[in-house]
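Each chain, written out:
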Amino acid sequence: MVVLEKWGERVLTESEIIRFIQEDESSDKKRFAKIGQKYYEGEHDIRNYRLFYYNADGQLVEDKTRSNIKISHPFFTELVDQEVQYMLSGKEGFVKSDIPELQNELNEYFNENEDFTSELYEVLTGAITKGFEYMYAYKNVEDKLSFQCADSLGVVEVRAKDTEDGCDYVIYWYVDKIAKDNKKIKRIQVWDKDQTYFYVQEEDGKLENDESQKINPRPHTLYRKGDKDELYYENFGFIPFFRLDNCRKQFSGLKAVKEIIDDYDLMSCGLSNNLQDASEYLVVVSGFQGDNMEELIQNTKTKKLIGVDEGGGIDFKTVDVPYEARKTKLELDEKNIYRFGMGFNSAQLGDGNITNIVIKSRYALLDLKCNKLEIRLRQFLRKILKVVLQEINDRNDTDYQQKDVYFDFQREVMTNASDNAQIEKTDAETEQVKINTLLNLASTLDQETIVQNICDVLDIDYEEIKDKLPEEDNLVDAQNEIDNVIVEGEGVE
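Here's what I pulled together on the structure shown here. Quick caveat: nothing in here was measured; it's all calculated off a predicted structure.

Rules and cut-offs
- Residues numbered from 1 in each chain as written.
- Predicted model: local features only at pLDDT ≥ 70, side-chain atom pairs only at ≥ 80, totals over all residues.
- Heavy atoms only, no water.
- Helix = DSSP H or I, 4+ residues; strand = E, 2+ residues; numbered from the N terminus.
- Buried < 20%, exposed > 50% of the residue type's maximum accessible area, 1.4 Å probe, protein only.
- Contact = heavy atoms within 4.5 Å.
- Axes fitted to C-alpha atoms, helices over the stretch in contact; angles between N-to-C directions.
- Parallel < 35°, antiparallel > 145°, perpendicular 65-115°, else oblique.
- Left-handed = near helix turned anticlockwise from the far one by under 90°.
- Pairing = 2+ DSSP bridges.
- Polar contact = N/O pair within 3.5 Å; in protein donor to acceptor, adjacent residues only side chain to side chain.

For the rest of this paragraph, the subject is the environment of Lys-184. By the element assignment, Lys-184 lies in strand β9 (residues 184–191). Relative accessible area serves as the criterion here: at 40%, Lys-184 is assigned to the partly exposed category. As for Lys-184 and Gln-201, which are separated by 17 residues in sequence, their C-alpha atoms are 8.3 Å apart. Those residues in contact with Lys-184 that sit more than four places away from it in its chain are Val-175, Lys-177, Ile-178, Gln-201, Glu-202 and Glu-203.

Moving on, we come to the packing of helix α3 (residues 75–87) against helix α5 (residues 114–130). Relative orientation and spacing of two packed helices are given, respectively, by the angle between their axes and the distance between those axes. Where α3 meets α5, the closest approach of the two axes is 10 Å, and the angle between their N-to-C directions is 135 degrees. Taken together, the axes of α3 and α5 lie oblique to each other. Note on packing geometry: the crossing formed by α3 with α5 is right-handed. Seen from α3, the contacting residues are Phe-76, Val-80, Asp-81, Glu-83, Val-84, Gln-85 and Met-87; seen from α5, they are Tyr-121, Leu-124, Thr-125, Ile-128 and Thr-129.

Take the sheet that holds strand β5 (residues 132–139) next. The three strands are arranged β6-β5-β15 in an open sheet whose pairing can be described as antiparallel. One side of each edge strand has no neighbouring strand; the edge strands of this open sheet are β6 (145–150) and β15 (241–245). Ignoring which end each strand starts from, the neighbouring axes of this sheet average 30 degrees apart. As paired elements, β5 and β6 share six bridges and run antiparallel to each other. Note that in β6 the partner of Tyr-138 across the bridge is Ser-146. Contacts from helix α10 (residues 364–396) reach β5, β6 and β15 within the one sheet, and its direction differs from that of β15 by about 160 degrees.

As for its position among the elements, Ser-252 is in the loop between β15 and α6 (258–276). What makes Ser-252 buried here is its relative accessible area of 13%. Here the side chain of Ser-252 touches Ile-128 through a polar contact of 3.4 Å, landing on its backbone oxygen. When sequence neighbours within four positions are dropped, the list of residues in contact with Ser-252 reads Gly-36, Phe-76, Ile-128, Thr-129, Lys-130, Gly-131 and Asn-246.

It is worth stressing that arrangement in space is one thing and function is another; only the former is reported here.
Listed below in structure tokens is the structure:
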């Protein structure tokens, strides 16, 4: 976020736009976000790991002869994808309403709209990876609101004063292409509540108007009525950017596990280096004929000859690889990565008794993390829902309110098929006992009461079938039919 010191109803100057972008790009928030993005893409700090030693002159120099394997272990990628997939694992949609007409409208925008689901997936991934992510609204060719993810690394919020209550401008920039001599061509958009200004910039050069945009500045929405050439426009009346935060301080999910992942990389690569250098040995020399240590090293590696005096000698010694110690440390690091990263460790071993209770217990931390994210996701979706309901009401002349809509995230957990079959069998047997008890009371209670209670047990709407019931009591036949249904149901697994 950038704070505008002197404020008025005016357009940002070119120098201000460049300054705001530079200040935002160098901020701590964006620096931490870039680290999270790198780790999600598997670019860990181990890539920059170097080995040094002191030479015979006491100078610290880089050792380019020893093995220096650099392997990134993308645990963070798995943790992020787990959280996003688990959060959106429900198949019935998550934007719900008890009003059928409104539900049909909402399905077109959210539940049955694959474009929105795809963009929401990207927003969630970016928010967890970088700490925050944006989605912006626009009108599609069908004159309906659509939404697209905007990379938070290229979004700058400009406010008249340091406050979280909305922003006065949003600067959105991205690298459009790489031109000759590897020069980056940036496209820059400046959004206010009425229109958008378009600029183009080569590297860090001067800001120029974007000639590819025929109308610049351009209202938020442009359209034609029928076959007329005359253009009409509409403005949203607000800046159509919505931000989803991973937490209150906008920290990446990497913050809790970065050091542990780095340690795992170091231990694993160290073990690889040890194994790679296992064929190497230490040379113990006595009575060396020479005064240059570099000469000794060179002769050992190339000529395989070392000159010694009459009382001298040479011995080659190997060093044992600390395999067990490194293996134990790797296992401990992996365990802590999933513990403090609050993820599901699919490689976790058990005692072979994988019941539904055991499976759910392994999802406990992931559930807890998703519960925290769900709170912010609901707030985020409420802001989007507000503008969607406004468009639905304007188009259909209705008066739907926020209270008419709720969010229902049904997160799916894999289960044990044998446990599920046993649970269904137990439920069927319980239903049979209840129904038999009711039928045994037939001589005491009236038929209507008996049938109503049987419908409750079988989850049948009594009001829908009461007109089809026989006028005379025929509970014996009913009991036989119910027994047959239950017996058949018990055989199904």
